[in-house]
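Chain and residue survey
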Amino acid sequence: MGLHRLFGFLGKDLAMDLGTANTLLYTPRKGIVLNEPSVVAFDKRNNKVLAVGAEAKALMGRAPDNVSTVRPLKDGVIADFDVTKAMISYFIRKVIRGLRFVKPSIVICVPTGITQVEKRAVVESAVESGARDVRLIEEPMAAAIGAGTSIHEPVGNMVVDIGGGTTEVAVISLSAIAYSESVRMAGDGMNSTIQRFFQDEHRLIIGENMAEKVKIGVGSAYTLPEPLKMTVPGKDLIQGGPKSVTITDAQIREALKEPVKVIVRAVRKALEKTPPELVVDVGQNGMLLAGGGALLKGLDQLITRNTSIKVLVDSDPLTTVVRGTGRTIEEKGAFDMVYIN
């Protein structure tokens, strides 16, 4: 592939959703070109990276002692700079087919509650991974753009973005965030809660991947029209051998009650702190639910019951943020006000 064709493929820009659970990359020409778990596996003896993304996630709980599987982002921000840099470098090279001399410009979405130190870590990690320059956009803003919300109007629009590490609640008007609330409770917190439930109630130890399967399979925030059951394998806490238990959606719903309550409380707090004119707009327009956590069954119904506001779940909530980030590089000039320093 020639250099001209390559830059045409990339549009000279990349959009990145650097998430706690998954990292997505978007190019103007091809749309979403990468969607992989934010996981790195490396050999502890020599710090050599062995696998990144889906391959690394498959090793979680199954690797020998000398292999460590790490999720370098915690609560939406970088927890391990060196591992994050290796992961970003791998993903960028994968997208541009290993041609190291290409240095794309990257727009990365970040949580609203990120500190200046954390912002600098994100930017430096991307630059050291080969980016020509880096711009940042807040996740709720990117989600609103990705869902097609008219952010430029003097009208209040509420976004609830539930990712892997954080839940971002924001009210947007005139291309700016009028009020935001960020809580470090989201998909990962739900998975941990499910793991504790099995250990406490069934003396069963399950891994993070299995907890996620349970959440997706029978997890819910509101009573379902039809009950669900699931048989879950794991390790017997007492005997140490394999063991399986069958659980229902009602049991997992009860287990998830506390993390779900934290999210609902953040939404209510944001409404309480938002100016009345904008709350009226939100009441008329409804609020947008995005991110992987939006897929938790009945969560939209629970939020509506607690706020009396209709909730609109994006058509593809897992990619809302990266699609919005991608639009900001496709429509240059139209979104200049949305970037943060």
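If you check an unreviewed UniProt entry, the protein appears there as Cell shape-determining protein MreB from Oceanidesulfovibrio marinus. The UniProt entry for the protein carries the following text under Function (unreviewed entry): "Forms membrane-associated dynamic filaments that are essential for cell shape determination. Acts by regulating cell wall synthesis and cell elongation, and thus cell shape. A feedback loop between cell geometry and MreB localization may maintain elongated cell shape by targeting cell wall growth to regions of negative cell wall curvature." According to UniProt, the comment filed for the protein under the heading Subunit (unreviewed entry) is "Forms polymers."

Details of the overall build of the protein
In terms of helices and strands, the protein carries 12 helices and 19 strands. Rg of the C-alpha trace for the protein: 21 Å, near the compact-globule value of 20 Å for 341 residues, within the 12% margin. The principal-axis extent of the C-alpha atoms belonging to the protein is close to 60 × 60 × 35 Å. Burial analysis of the protein (341 residues in total) assigns 52% to the buried set. Only carbon and sulfur atoms are counted for the fraction: they give 50% of the accessible area of the protein, which is about 15700 Å². Distance from the positive charge centre (42 side chains) to the negative charge centre (38 side chains) of the protein: 5 Å.

Quick notes on unusual backbone geometry
At Arg-203, a residue that is not glycine, the phi angle is positive and equals roughly 50 degrees. Looking at the element boundaries, Arg-203 is found in the loop between helix H6 (187-202) and strand E14 (204-205). Its identity as a non-glycine residue notwithstanding, Ser-308 has a phi of 60 degrees, on the positive side.

A closer look at a nonpolar patch on the surface
Among the surface-exposed residues, Ile-205, Leu-237 and Ile-238 lie close enough to one another that they form a single nonpolar patch of about 260 Å² accessible area. By the secondary structure assignment, Ile-205 is in strand E14. Overall, Ile-205 belongs to the partly exposed group, its relative accessible area being 34%.

Structural notes on the sheet that holds strand E16 (residues 242-248)
If you walk across this open sheet you meet the three strands as E14-E15-E16, and the pairing is antiparallel. Edge positions in the sheet fall to E14 and E16, since each of these pairs with one other strand and no more. Of the pairings in the sheet, the one linking strand E15 (residues 229-236) to E16 comprises seven bridges and is antiparallel in character. Bridge pairing links Val-232 to Val-245 in E16. Along the sheet face, H6 touches E14, E15 and E16 and points at about 105 degrees away from the line of E16. The strands touched by helix H7 (residues 208-218) are E15 and E16; relative to E15, the strand with the most contacts, the crossing angle is about 165 degrees.

Re the pattern of salt bridges
Enumeration according to the criterion identifies 16 salt bridges in this entry. The salt bridge involving Arg-253 is made with Asp-249; its shortest N-O contact spans 2.9 Å. Of this pair, Arg-253 and Asp-249 both sit in helix H8 (residues 249-255), four residues apart, which is roughly one turn of that helix. Asp-249 sits in the buried class, given a relative accessible area of 4%. The network of salt bridges with shared partners includes Arg-71, Asp-188 and Glu-208.

Details of the domain arrangement of the protein
Per the domain assignment, the segments making up the protein are domain 1 (14-141 + 321-334), domain 2 (154-185 + 259-316) and domain 3 (187-255). The straight-line distance from the C-alpha centre of domain 2 to that of domain 3 is 27 Å. Contacts between the two partners involve 14 residues from domain 2 and, on the opposite side, 16 residues from domain 3. For the pair domain 2 and domain 3, the summed buried surface comes to about 1100 Å²; carbon and sulfur atoms form 67% of the total. Of all residues in domain 2, Pro-259, Leu-296 and Lys-297 bury the most surface against domain 3, accounting for 47% of the area lost on that side. The tally of links between domain 2 and domain 3 comes to zero salt bridges. Across the contact surface, domain 2 and domain 3 share six residue pairs in polar contact (both at pLDDT 80 or more). Classifying every residue of the side of domain 2 that touches domain 3 by side-chain character gives seven nonpolar, five polar and two charged.

Reading guide: rules and limits
Residues numbered from 1 in each chain as written. Predicted model: local features only at pLDDT ≥ 70, side-chain atom pairs only at ≥ 80, totals over all residues. Heavy atoms only, no water. UniProt positions renumbered as here; feature names shortened; annotations may be inferred. Helix = DSSP H or I, 4+ residues; strand = E, 2+ residues; numbered from the N terminus. Rg over C-alpha atoms; globule rule 2.2 N^0.38 Å. Buried < 20%, exposed > 50% of the residue type's maximum accessible area, 1.4 Å probe, protein only. Areas by Shrake-Rupley, 256 points an atom, 1.4 Å probe, with all protein chains shown as cover. Lys, Arg positive; Asp, Glu negative; His and termini not counted. Charge placed at Lys NZ, Arg CZ, Asp CG, Glu CD. Patch = residues over 30% accessible without salt bridge, like charges linked within 9 Å, V, L, I, M, F, W, Y side chains within 5 Å. Salt bridge = Lys/Arg side-chain N within 4 Å of Asp/Glu carboxyl O. Pairing = 2+ DSSP bridges. Contact = heavy atoms within 4.5 Å. Axes fitted to C-alpha atoms, helices over the stretch in contact; angles between N-to-C directions. Domains from an automatic or database assignment. Buried area = accessible area lost by both parts, 1.4 Å probe. Polar contact = N/O pair within 3.5 Å; in protein donor to acceptor, adjacent residues only side chain to side chain. Nonpolar A, V, L, I, M, F, W, Y, C, P; charged D, E, K, R; others polar.

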